[in-house]
Structures are given as C-alpha cells and as structure tokens.
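Here's the letter readout for the chains.
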Protein chains: 2
Amino acid sequence: MALVNEHFLKLPNNYLFADIAKKVNAFKVSHPNADVISLGIGDVTQPLCPAVAEAMHKAVDEMTTPEGFHGYGPEQGYMFLREAIVKNDFLPRGIHLDPSEIFVNDGAKSDTGNIQELVRWDNSIGVTDPIYPVYIDSNVMIGRAGVVENGKWSNVTYLPCTAENGFVPQIPDRRVDIIYLCYPNNPTGTVISKEELRKWVNYALKNDTLIFYDAAYEAYIQDPDIPHSIYEIKGAKKVAIEFHSYSKTAGFTGVRCGYTVVPKEVTASTLDGKRIALNELWNRRQCTKFNGTSYISQRAAEAIYTPEGKKQVKKTISYYMDNAKNMRDTLSSLGLDVFGGENAPYIWLKVPNGEDCWRFFEQMLYNAHVVCTPGVGFGPSGEGYIRLTAFGSRESCTEAMERLKKWI
Amino acid sequence: MALVNEHFLKLPNNYLFADIAKKVNAFKVSHPNADVISLGIGDVTQPLCPAVAEAMHKAVDEMTTPEGFHGYGPEQGYMFLREAIVKNDFLPRGIHLDPSEIFVNDGAKSDTGNIQELVRWDNSIGVTDPIYPVYIDSNVMIGRAGVVENGKWSNVTYLPCTAENGFVPQIPDRRVDIIYLCYPNNPTGTVISKEELRKWVNYALKNDTLIFYDAAYEAYIQDPDIPHSIYEIKGAKKVAIEFHSYSKTAGFTGVRCGYTVVPKEVTASTLDGKRIALNELWNRRQCTKFNGTSYISQRAAEAIYTPEGKKQVKKTISYYMDNAKNMRDTLSSLGLDVFGGENAPYIWLKVPNGEDCWRFFEQMLYNAHVVCTPGVGFGPSGEGYIRLTAFGSRESCTEAMERLKKWI
C-alpha cells in the first residue's frame, strides 16, 4: 500500500498569495470599475534588455542548425556562464572561486528548496523572521521543521527582525545546525553590514553551523559598504552556500536562470565525525534530479555580463530604485515608519496605530485600490507590517503613492 | 553541528556516462587520428524545427515590450500549453483529462526524480531491470532504497527484462508499494502491449500500488496497437502518475520542457487509512520548490501542436527511426540478436559469445571506433547487452554500421 508523506499534510492549506488574490478578486467583483494597482507580489514588470534579447535570438538561431544545435548541456551549467559568473560577480570583490563551485540553475527558488536534501532530516534550523516561506516549507516537507505549536514550527529557531532591534537578528544563544539568511532581505528590504555578517560566519565556524545565504537581491545594493556576497567575509567558504538569481537582477522571472555557489571547502559531518564536501554531494544531486538549464536562458544570462548588458541591467535597476525612493519619500512624508527600499526593491511599512496587517491590507485595498502584502504572511514577526514592492511601472507606482497620500 | 544526509554516501561513486567518457578519452589520447562515432549517450542531434524556432523568436520579442513581458508564470505551467496537451496528446486517444491534472516542467528527469517526495520514506519500490538510473538513485538519496547487497538495493524489487522472458517483466508475487515503468523502454527499446499493461493496472488496483509511468519516448511508437499512455487502460487514473518529455519528441534536450500528469483520482494513504489526493500534494510541492518553466520554452512546446509543428516533428522522428531501421537491419544481418528500435529510438543488442558488456564496449571502441553504452550500467539484468541510440546523424550512423560490418 503506497503511504503518503504525511509531512506534507502539516503545511497550512492557505497560500499567502492565493489568499491575497482571493480577496482582491472579491473586491473587484463588488467594484468592477475600480483600477486596482498591485504593489504586492514581487514580480518585475520591465522588459528584457536588448543585449539579453539579442543573445536569445542568436541562441535560438543556433539551435536551428545541425552545427549550432545544443542538446543536453552540463547539469552544472555551461562553462561560458560559470566562468562569466566567477569573473564578474566575485573576482572584483576579491573572492576567488573556481567555476566548479558554481552550479547554474533555473532560478533560486528550486535550489533554496532543494538544498536541504543534502543534510540529515533531523538537523535543527534557524531562520530570520519574517522570511521567504520556501526556506521553512521545504523543511516541513521532509519532516525537519517538526510540528506547529502556537504558530511556530517546533524544530525551527526564529530570529525576530523588527523595528525594535533595527532588523538585526540576534545570534542564537544555542547551537543551531543550519541557518538561513537572506540579504538584502525579502520581505523587509533591510541589509546586513559586514560587521554583523562576520558575527554570523564566526558563529557558524564555532558551532559547525551551515549557512544557506540567499543573495537574490544583491544587485540592488547602492551603499558601497554593504556586502554583496557572504564570501566577502573571511572563513565563509568553509560554512556557507550562497544562492543567486537573475530574476530580479535582469528581469528573468519568466526566463528562469540563477546559480548556487557551493565552495569546495564547505562540509557537513557524518554521525561518526567524517567531513563530507557538499560540493560533491550537490553535484550528485543535480546530476540525478536536474538536467541543466535551457541553453537559451544560459546565453541570456551570459549577455548580462557584456558591457552593454551591464549598462542596460543597471538602468532597469535604477528605474526600480527610483520607484523605491518615491515610495519611501511619500510614505515618510505621511508620518509612517518606513524601512528598506534603499538597498533593496522592497519597502517594509509599519502599520500605523497598531492595527493588524490583514486589516490594513483590506483598508488599503478598499480605500486606495492598492494591493500590498500583509507581513504576517512571511512569519510571526511580520505582524504589524506590510510589504510594498518597487517593481511596478513608474506610472502605477506614482499613482499608487498619490492615492495613499489622499487616503492616509 | 550540521549532519550530512548519509544516504547520499551509499550511491556508487562512478557515473555510467562519466566512466564511458573516461574510457573514450583514454582511447582518443592513444589514437589521436581515430574518428570516434558515439552511439552512446541518448542525446538528439537534429536541429529544432522551424515552427518551434519561430515561436521562440516571437516569445523573445514579446519579452522585450512592456505589454508582452512575461514574469513569473504559473508554477503548473501556462494554460495555453496545458490545454494544448490535453487536447492533442490525450483526447484523440479517448483520455479525458482536465488541464489542472497537467504540470508543465523543465524536463522529465526533474519530475521522475522529485515525485518520490510525495510518499513515505519507507515505501517499497519495484523497477523493471534494466532501467533509467534516476528512478533508483532518487530513492537512494532519501533512504528508501535501503542498502546494496550483491549489487542490488535491499528495498528494491527488481523485475528482470531479458531476451529469455521477451522483455516482459513478471508481475511481482508480493505487494510492492510503488512501481516504476518506462515504455517505450529506456534502455531496451522494447514496448508493452495493452494486455500486459492492463495486468499492471489491475495489480496496482488490487494491491494499492502506485505506478510511476515514464512515457518519454511515446512519440516513437509506430505500431498502432501499442499504448502511448497508461491512461488508455481503464482504472489507471486511480493508480498512475505519468511523465512526458519534449526532449526526444521535438529535440528539446537543450530547451528543457516536459510535463507530468497527476490525475485528480490518484491517491496514497495515510497511516490511519485516509486517502490523500496526490494532485494537490504535487501542486504544493511544485509551488514550493519550482517557479515554472521558461516562458520561451513553453511557447516552443505549444508550437509542436500546430499543424506545421506536428508535421515537422514527425519528420525528425522518422529520420531517427530510419537510423534505427538501418541499425537493426545491419546488426541482424551480422547474425546478432537485436531488440528494440521498432517503436523506440534505442537498440538493445545481445553481446555475442556471452562476453561481458564492458569488454564488448572496449572491443567496439578499439576495433570500430564506435561508442555504445554497456547494459549493466542500467542494472544487473543489463549485463550481456549494450545499448545503441538512433539519435545520430544519418552519415555517422551509416558509417558506424559499415564499421561494425567490417569488424564483427
């Protein structure tokens, strides 16, 4: 008799974004003429840049000739892209990586979800709170998160990040086997200083903790002192796996390409103390359950590293960051507590008057016809906040701010 | 202390195709002027058809305009493709599926590897032997396969498929929780009749067994009586999940697109006997760990279902099947026992004189400069056989056969 994996049944039935969509639809049905602006879901809106489009057309043309046809690529990604990554994303920051430490993927969601396969099911995990739900949900599915008690998973250590602690998570006072960090942070839009990040690396080195570091939004960092990669910190190569994505860097949410860095030095332990290199294990995982990323998407990613590609991608990021500035300025001028949006495409807003975030979500929807994301959807410490994204078009973003000015 | 998933360490260190590549390289170093022809790895060689290329160019152009830009798509795939699949791949065979039962993916390898996440780690599994290694390896990684004893995994039931039983696996005499079937078969190139497949569905219905049915090569079926889908068998929707791929159908090994069918009726049981719909669970798995397939790849797949696309794809399949016929005819004329190649792109050849398959592989490489795949790489019952693929160009395939004629 085939038995189901009952860990799946522990997951809450509701999806945050499905709940939001439902509420928005209900509003639209009762207000058919309302022009709803969504600053909710973190999806980009601006088109692919010309350098990327050109590379994709060229790749498609190649695929139509016997000489240029590309079948199965390496599961780890084509060397042309892995080398471009090493050379452009790491070398200029003084980080020396070998291309064999880069694994090209179809986006960071897959790898942040799959990486937990490499470790025992009973390792304990720690997350900054609020966070991207995939980190916890992927652990729930294998039984690693335990069970829900008072809205929290029993085998998960939550590290609150709120206005009260300046969104700086406190280093746990006990040993945690695996820590998920995401900087610039989704959903709060806050960043981590080198000094604070160094504390985490030292904690990991001391406690033999593995850090899964999600750097999906690093391209939005404006401040030169903020680290783009955890490997800017000495010792991090021994303890951290890092995730990157072209989704937000270059509008690849529909193109599907990113990469994961698994340094040769990073290890986990067997029960009897033998150190196992995770690079080799991840390679085996990918060779078994993944067949590489689309050749066309990889050529598209390569184009981001050309001089034109770099310029064009930067321009789009500036466009979104101008939105973020506009949003920050407007919301601050209304007397609201605004966080993020300076080195990240997300604005994290404290709900005024201590109201709960779902109630504020509904008020914003009904009074301003603007959709946000209730913070509690990202974890218990998200209660009392909402997330707004800077990924809209200039027009819709400006219009949304005008409406909020009138409403608040 | 982060503990490693020790199940990974049970996997054999050698990869079949890496071993082959190593041996081929050694040969090339000592024979620098030899023109080696590979009929080994199952990758296609013919370019993408014009209808597909046109659709991809169009999709890329769309992505460069604000109106046509596509960001995150549905994790389950775009409705335009799911509807085309239902209408073209199933309705004409009398199979009624809802688009919500179709999950578009980045190729069958991912989903055949990931599907086992839905069931308990201690379910028993059964496989036809020889088989595609992903089925077993993905189960090893979670601990479900047990340990290796005499070259076999302790929690795996092997169902030998050899010339002796006409490559018809015997229905197990005991209950097995999960059965993997692949027809047309990789590596043997043999097919299953409706009558035999009905026996499996009945076995599954009777024993509450789940069938994972890999139909990646169904487009190569020539005989009108051979089933293209397990859902042609009554009752199969209750017990089977089916995997499809455009890799071999339309040369998408570098484009990355396929789909999985999870009927609403197929269930697995909780420990206390509650039936859980796997459609819902797979949806949750995909929404958590997958972010949809490239928009461009999905438009490419849609183009396969246009009248021109269908014609063009069929032409390429005929091209490969002509190779297969040439190979079959040549090898048979040499007095060899040849299987497959009539409804599948694979030829399964019995090694003459009872030699072992690695030895024959080396002889073929050194005497004819032709690369094959030793059968034992696909499982214990593959010993004494080698696999040849029909995916080469006409010229290299014909040349390879000429060489074998001279050598054997």
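Residues numbered from 1 in each chain as written. Chains lettered and ligands numbered in written order. Predicted model: local features only at pLDDT ≥ 70, side-chain atom pairs only at ≥ 80, totals over all residues. Heavy atoms only, no water.

1. Some details on the confidence of the model for chain A
Here is step 1 of the chain: Of all residues in chain A, 100% have pLDDT values of 70 or greater, and the mean over the chain is 97.
Here is step 2 of the chain: What the predictor reports for the complex is a pTM of 0.97 with an ipTM of 0.97. (pLDDT = per-residue confidence, 0-100.)

2. Quick notes on the side chain of Asp89(B)
Residues and elements named next belong to chain B.
Here is step 1 of the chain: Topologically, Asp 89 is positioned in helix 3 (residues 79-90).
Here is step 2 of the chain: One buried charged residue, Asp 89, forms no salt bridge at all, with the nearest opposite charge on Arg 93 at 6.1 Å.
Here is step 3 of the chain: Among the polar contacts listed, one links the side chain of Asp 89 to the side chain of Tyr 259, at a separation of 2.6 Å. (Helix = DSSP H or I, 4+ residues; strand = E, 2+ residues; numbered from the N terminus. Buried < 20%, exposed > 50% of the residue type's maximum accessible area, 1.4 Å probe, protein only. Lys, Arg positive; Asp, Glu negative; His and termini not counted. Salt bridge = Lys/Arg side-chain N within 4 Å of Asp/Glu carboxyl O. Polar contact = N/O pair within 3.5 Å; in protein donor to acceptor, adjacent residues only side chain to side chain.)

3. Quick word on empty space enclosed by the protein
Here is step 1 of the chain: For the structure shown, the criterion picks out six cavities of 30 Å³ or more.
Here is step 2 of the chain: By volume, the largest cavity is sized at about 130 Å³.
Here is step 3 of the chain: What lines the largest cavity is a set of 17 residues, among which Ser110(A), Asn114(A), Phe290(A), Ser110(B) and Asn114(B) lie closest to the centre.
Here is step 4 of the chain: Those elements that provide at least two residues to the lining of the largest cavity are helix 4 (108-114) and helix 9 (278-289) of chain A together with helix 4 (108-114) and helix 7 (278-289) of chain B.
Here is step 5 of the chain: Looking at the lining of the largest cavity, its residues break down into two nonpolar, seven polar and eight charged.
Here is step 6 of the chain: Of the pockets and cavities examined, the second largest cavity occupies roughly 80 Å³.
Here is step 7 of the chain: Pro47(A), Thr249(A), Ala250(A), Gly251(A) and Thr316(A) are, among the 14 residues lining the second largest cavity, the residues nearest its centre.
Here is step 8 of the chain: Those elements that provide at least two residues to the lining of the second largest cavity are helix 8 (246-249) and helix 11 (307-333) of chain A.
Here is step 9 of the chain: No other element matches helix 11 of chain A, which puts five residues into the lining of the second largest cavity.
Here is step 10 of the chain: A breakdown of the residues in the lining of the second largest cavity according to their chemical character gives eight nonpolar, five polar and one charged. (1 Å grid on protein atoms, 1.4 Å probe; cavity = no way out; pocket = protein on both sides within 12 Å on 5 of 7 lines; lining within 4 Å. Points joined across faces, edges and corners; volume = space filled by probe spheres on them. Nonpolar A, V, L, I, M, F, W, Y, C, P; charged D, E, K, R; others polar.)

4. Some details on the sheet that holds strand 6 (residues 156-160) of chain A
One key point about sheets: their strands pair by backbone hydrogen bonds, in either a parallel or an antiparallel sense.
All names here are of chain A.
Here is step 1 of the chain: Strands sit in the order 2-10-9-8-7-3-6 across an open sheet of seven strands; the sheet is mixed. With partners counted over all chains shown, the strands left at the sheet margins are strand 2 (102-105) and strand 6, one partner each. When strand polarity is set aside, the average angle formed by the axes of neighbouring strands in this sheet is 20 degrees.
Here is step 2 of the chain: Its contacts with the sheet put helix 3 (residues 79-90) on strand 2, strand 9 (240-245) and strand 10 (258-261), and the angle it makes with strand 2 is roughly 115 degrees. (Pairing = 2+ DSSP bridges. Axes fitted to C-alpha atoms, helices over the stretch in contact; angles between N-to-C directions. Contact = heavy atoms within 4.5 Å.)

5. Some remarks on the interface of chain B and chain A
Size of an interface: often given as the accessible area lost when the parts come together.
Here is step 1 of the chain: Counting residues at the interface gives 84 residues for chain B and 84 residues for chain A.
Here is step 2 of the chain: Of the roughly 7,000 Å² buried between chain B and chain A, counting both surfaces, carbon and sulfur atoms make up 59%.
Here is step 3 of the chain: Looking at the side of chain B facing chain A, the largest losses of area belong to Met1(B), Tyr72(B) and Arg284(B), adding up to 11% of the total buried there.
Here is step 4 of the chain: The interface formed by chain B and chain A includes four salt bridges.
Here is step 5 of the chain: Asp137(B) is paired through a salt bridge with Arg284(A); the nearest N and O atoms lie 3.5 Å apart. (Buried area = accessible area lost by both parts, 1.4 Å probe.)

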